Amino acid sequence: MSGPTVLLIEDDVPTRRAVAKSLLAHGYRVAEAGDGSAAALAWEGRRPDLVVLDLGLPDTDGMTVLRRIRNDAATPVLILTARDAEHAKVEALDLGADDYVTKPFGLDELHARVRALLRRAGGPAAAADGAIVLGPLVVDVTRHTVEVDATPVRLTPREFEVLRVLVLHAGRLVTHGRLLRAVWGRQYDEEAHYLHVYVSAIRRKLAAADRTGALEGLIVSEPGVGYRVSAIDRPAGSQPEP
Ligand code: CA
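Residues numbered from 1 in each chain as written. Predicted model: local features only at pLDDT ≥ 70, side-chain atom pairs only at ≥ 80, totals over all residues. Heavy atoms only, no water.

## Here we look at the overall build of the protein chain
Move 1: Regarding its fold elements, the protein chain presents 8 helices and 12 strands.
Move 2: Against the 2.2 N^0.38 benchmark of 18 Å for 242 residues, the protein chain shows a C-alpha radius of gyration of 19 Å, consistent with a compact globule.
Move 3: In terms of its C-alpha atoms, the protein chain occupies a principal-axis envelope of roughly 50 × 45 × 30 Å.
Move 4: Relative to its full complement of 242 residues, the protein chain shows a buried share of 46%. (Helix = DSSP H or I, 4+ residues; strand = E, 2+ residues; numbered from the N terminus. Rg over C-alpha atoms; globule rule 2.2 N^0.38 Å. Buried < 20%, exposed > 50% of the residue type's maximum accessible area, 1.4 Å probe, protein only.)

Next up, the structure:
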């Protein structure tokens with residue numbers, strides 16, 4: 001068995017055991033670390049395909065581990081956070097973590113996030129001309145056009161930019177701050193209410209062209225945190241699974 005390697009960094013032993021056991025049962029290889037120094041060693045030695053990182057570690061701040069990983073590589077990082085650690089979660093996502101699950105979490109939820117992150121690790125599917133394809137949705141970043149089922153969708157330039165950033169990060173969570181900085185610029189990163197208006201307009205316009213309903217729930221809102229474009233499975237036969 002040689003599935004992707006997951007580095008699991010978690011000091012709580014029962015949680016770590018349960019997650020490791022479940023990952024192994026799903027065919028992943030697992031490297032475990034119970035603190036920041038073991039995490040650094042495992043990161044160096046194993047170069048995993050994905051990291052599951054608990055933010056609350058005994059010897060070091062999970063944020064320090066995350067910075068270290070991001071200095072080296074773009075490896076997907078899924079963070080585990082406590083329910084009352086909203087601020088730390090947003091900070092970690094802003095630092096480049098790709099998604100999160102909140103404790104206590106179900107193993108099904110964890111697996112869904114891991115799968116989505118690994119599927120998108122090589123970047124979103126690109127058509128021959130460089131357009132981004134998500135199921136029936138085609139976003140052409142060169143021509144600035146959007147189509148759903150070959151029907152053109154007219155977005156304003158800002159709406160297009162918001163959608164472009166989200167689909168480029170499909171399967172990952174983009175915080176309000178990252179989205180605002182990318183589309184409006186650094187001075188707007190507190191203006192999350194802008195996004196609500198733009199995302200609503202994008203959802204409405206895509207839905208109007210989406211005859212099959214395949215894009216329903218495409219843009220998921222995580223209140224107070226950001227947005228996630230869900231990874232859509234392509235129609236059978238259009239592209240082989242990795
Ligand atoms: Ca912990």
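## Focus: the coordination of the calcium ion
Move 1: Those protein atoms acting as donors to the calcium ion are Asp11 (OD), Asp54 (OD) and Gly56 (O), and they sit at 2.2 to 2.3 Å.
Move 2: Spacing between the donor residues of the calcium ion along the chain follows D-x42-D-x1-G. One end of the pair, Asp11, is in the loop between strand S1 (5-9) and helix H1 (13-25); the other, Asp54, is in strand S3 (residues 50-54), with 43 residues separating them in the sequence.
Move 3: The exposure class of Asp54 is buried, given its relative accessible area of 5%. (Donors = N, O, S within 2.8 Å, 3.2 Å for Na, K, Ca; no water.)

## Describing the domain arrangement of the protein chain
By convention, interface size is frequently given as the accessible area that disappears when the constituent parts associate.
Move 1: When cut into domains, the protein chain gives domain 1 (5-121) and domain 2 (132-229).
Move 2: The distance between the C-alpha centroids of domain 1 and domain 2 comes to 27 Å.
Move 3: Facing the 14 residues of domain 1 at the interface are 13 residues of domain 2.
Move 4: The junction of domain 1 with domain 2 conceals about 1,100 Å² of combined surface from both sides, 46% of it contributed by carbon and sulfur atoms.
Move 5: The interface formed by domain 1 and domain 2 holds 3 salt bridges in total.
Move 6: Along the contact surface separating domain 1 from domain 2 lie 6 residue pairs in polar contact (both at pLDDT 80 or more).
Move 7: Listed by contribution, the elements that provide at least two residues to the side of domain 1 that touches domain 2 are helix H4 (86-94), strand S5 (99-102) and helix H5 (107-119).
Move 8: Here the element with the most residues in the side of domain 1 that touches domain 2 is H4; it accounts for 5 residues. (Domains from an automatic or database assignment. Contact = heavy atoms within 4.5 Å. Buried area = accessible area lost by both parts, 1.4 Å probe. Salt bridge = Lys/Arg side-chain N within 4 Å of Asp/Glu carboxyl O. Polar contact = N/O pair within 3.5 Å; in protein donor to acceptor, adjacent residues only side chain to side chain.)

## Re the packing of aromatic side chains
Move 1: By the definition in use, this model includes 3 aromatic pairs.
Move 2: Considering the side-chain rings of Trp184 and Tyr194, the 5.5 Å spacing of their centres and the 65° angle between planes classify their relative orientation as edge-to-face. Linking Trp184 in the loop between helix H7 (176-183) and helix H8 (192-209) with Tyr194 in helix H8, this pair joins segments that are 10 residues apart in sequence.
Move 3: Take Trp184: its relative accessible area is 11%, and that puts it in the buried class.
Move 4: A centroid spacing of 6.0 Å and a plane angle of 40° characterise the contact between Tyr188 and Tyr194, whose relative ring orientation is tilted.
Move 5: Of the residues examined, Tyr188 reaches a relative accessible area of 29% and is grouped as partly exposed. (Phe/Tyr/Trp six-rings, centres within 6.5 Å; stacked < 30°, edge-to-face > 60°.)

## Focus: H7
Along an α-helix, residues three or four positions apart point the same way, because every turn accommodates 3.6 residues.
Move 1: For H7, the set of buried residues is His176, Gly177, Leu179, Leu180 and Val183. Projection of H7 onto a plane perpendicular to its axis shows the buried side chains occupying an angular sector of 165°, all on one side.
Move 2: Buried residues in H7 make contact with helix H6 (157-168), strand S10 (173-175), H8, strand S11 (219-222) and strand S12 (226-229).
Move 3: Note on H7: the residue one or two positions beyond its end, Gly185, has a positive phi of about 110°. (Arc of directions from axis to C-beta.)

## What to know about unusual backbone geometry
Move 1: That bond from Lys103 to Pro104 is cis: its omega, -5°, falls within 30 degrees of zero.
Move 2: As for its position among the elements, Pro104 is in the loop between S5 and H5.
Move 3: Unlike most non-glycine residues, Asp149 shows phi in positive territory, near 50°.
Move 4: For Ala150, which is not glycine, the phi dihedral falls at a positive 70°.
Move 5: Mapped onto the elements, Ala150 comes out in the loop between strand S8 (145-148) and strand S9 (151-153).
Move 6: Looking at Ala150, the relative accessible area reads 62%, which means it is exposed.

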